Amino acid sequence: MINTYKPEGRLISSVQNHEYTSSLPMLERAMDEGKILEATVLLCDSDLSLHVDLGGISGIIAREDALWCREGEVLKDIAVISRVGKPVCFKVTEIRSENGKPVAILSRRLAQLECMRNYLSLLNAGDIIPATVTHMENFGAFVDIGCGISSLLSVDCISVSRISHPSDRLCVGDKIHTVVKSIDRDSGRIFVSMRELLGTWEENAAEFEAGQTVAGIVRSIESYGVFIELAPNLAGLAEIRENTRDTQIAVVGEYVAVYIKSIIPERMKIKLVMIDSYKGNLPPNTLKYFIDTAHTSHIDRWRYSPEGSRKLIESVF
C-alpha cells in the first residue's frame, strides 16, 4: 500500500503543495479535486478558529473543523490553540468573498477522516510506517502517524535498553519510523512500537569488540552493578568495584567511558568495566535502523534474542 497520507509538516514544502496554495485559481482547483494541502497556522482567534495564509489569501479553519474526534471524545480547546505556529493539513471546502476579498474555508477534520478511511483503517499489525513525535508524557511519546492523527509509542516500546522517559531517546519534532504494534478496530486507535527497527542483540553487538573502550550512557544503578547503554537496543553490565571511583563515575543519564571485558551471545551479556566519566564530543543522537524502511513495509516476527540464548525476547505481529 502506497502511503500518501504523511504526518503533518512533511507536505508543506513540496512543489505540489506550493503550487496549489499559490493562487486563487489553484485553490479552486484543489477544492474541486479534493486535494489535501498544508499551511502554517498564524493565529487562533477568540472563536477558536485557526487562520492560515495561502499565498496572500486568508484561510480559516473553524473550531469544529480543526480536529477529527473519535466517537465519545470531546474536542478540547487546547488541541486547537496548540496548533498555532505549526503546519496543519486541510481540504478546501468553500471559497467565498468577505469585504471584497476571497476567503478560503478549510477543514482539517475532513482531511483526517480521509486519512483514517483510506490509509490508517487499512493498516495491520507489523506494518512499518513513518511518524513524527508531537509531545511526550512519562509513559510514552505521542506521534503523528498521518494528517495529525496521534498514536501512542509507549516508553517500553521505544527501545530494548530501558529509559526513564521518552526524552532520553527522542525529541519533539523527530521524524521516525515505527511498526504498528496493535490496532483497536472498535475505537480506531493504533499503537506503535520502534524497538523492532533498532536491531537485534547480535546486530548491535556486532558493532563492538572485546578489548575496546567506548562511550556509554548510565541507565540504572543497582546493588550488583551498573547498566550502561552502548546502543538503543544494547546494554552491558559493569560491576561496582570496591575501593575505586566507580560510585562517583556512575550517574544516571551521564556518559561514561567503559572497557568491554567480554561479549557472551548465549547469555546476551556484555561485561564492562567503567574507566572514567566521558569527556569527549559525541555525534548527534541519531537512531540507526537495522531494517531498510525504504523497501520493507511489513514484518511478521522479530526476534531480539540470539539463537541458542536461554532467554527469548521477540515480537510476533
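Structure: see above.
Residues numbered from 1 in each chain as written. Predicted model: local features only at pLDDT ≥ 70, side-chain atom pairs only at ≥ 80, totals over all residues. Heavy atoms only, no water.

Quick look at the pairing of strand S6 (residues 128-137)
Burial analysis of S6 places seven of its ten residues in the buried class, the great majority of the element. When S6 meets strand S9 (residues 175-184), the two strands line up antiparallel, connected through five bridges. Paired with Pro130 across the bridge in S9 is His177. Pairing between S6 and strand S7 (residues 140-144): five bridges, direction antiparallel. Pairing of Glu137 across the sheet is with Gly140, part of S7. Remark: two residues form the turn of the hairpin made by S6 and S7, two consecutive strands paired antiparallel. (Buried < 20%, exposed > 50% of the residue type's maximum accessible area, 1.4 Å probe, protein only. Helix = DSSP H or I, 4+ residues; strand = E, 2+ residues; numbered from the N terminus. Pairing = 2+ DSSP bridges.)

Regarding the sheet that holds strand S2 (residues 50-54)
The strand order S1-S2-S3-S5-S4 describes a closed barrel built from five strands, whose pairing is mixed. Strand-to-strand twist across the sheet, computed as the mean angle between neighbouring axes with direction ignored, equals 50 degrees. By the bridge criterion, five bridges tie S2 to strand S3 (residues 57-61) in an arrangement that is antiparallel. In the strand pairing of S3, Val52 is matched with Gly59. Against the sheet, helix H2 (residues 24-33) makes contact with strand S1 (36-44), S2, S3, strand S4 (87-98) and strand S5 (101-107), and its axis sits at roughly 110 degrees relative to S4, the strand it touches most. Along the sheet, helix H4 (residues 108-118) contacts S1, S3, S4 and S5; its crossing angle with S4, the most-contacted strand, is approximately 135 degrees. (Axes fitted to C-alpha atoms, helices over the stretch in contact; angles between N-to-C directions. Contact = heavy atoms within 4.5 Å.)

Brief notes about the pattern of salt bridges
Inspection of every chain in the model, using the stated rule, returns 16 salt bridges. The closest approach of N and O atoms between Glu114 and Lys91, which form a salt bridge, is 2.6 Å. In this pair, Glu114 is assigned in helix H4 and Lys91 in strand S4, connecting sequence segments 23 residues apart. For the pair Glu114 and Lys91, one class covers both residues: buried. Sharing partners across several salt bridges, the network here consists of Glu8, Arg83 and Arg108. (Salt bridge = Lys/Arg side-chain N within 4 Å of Asp/Glu carboxyl O.)

Nothing here speaks to function; it is all geometry.
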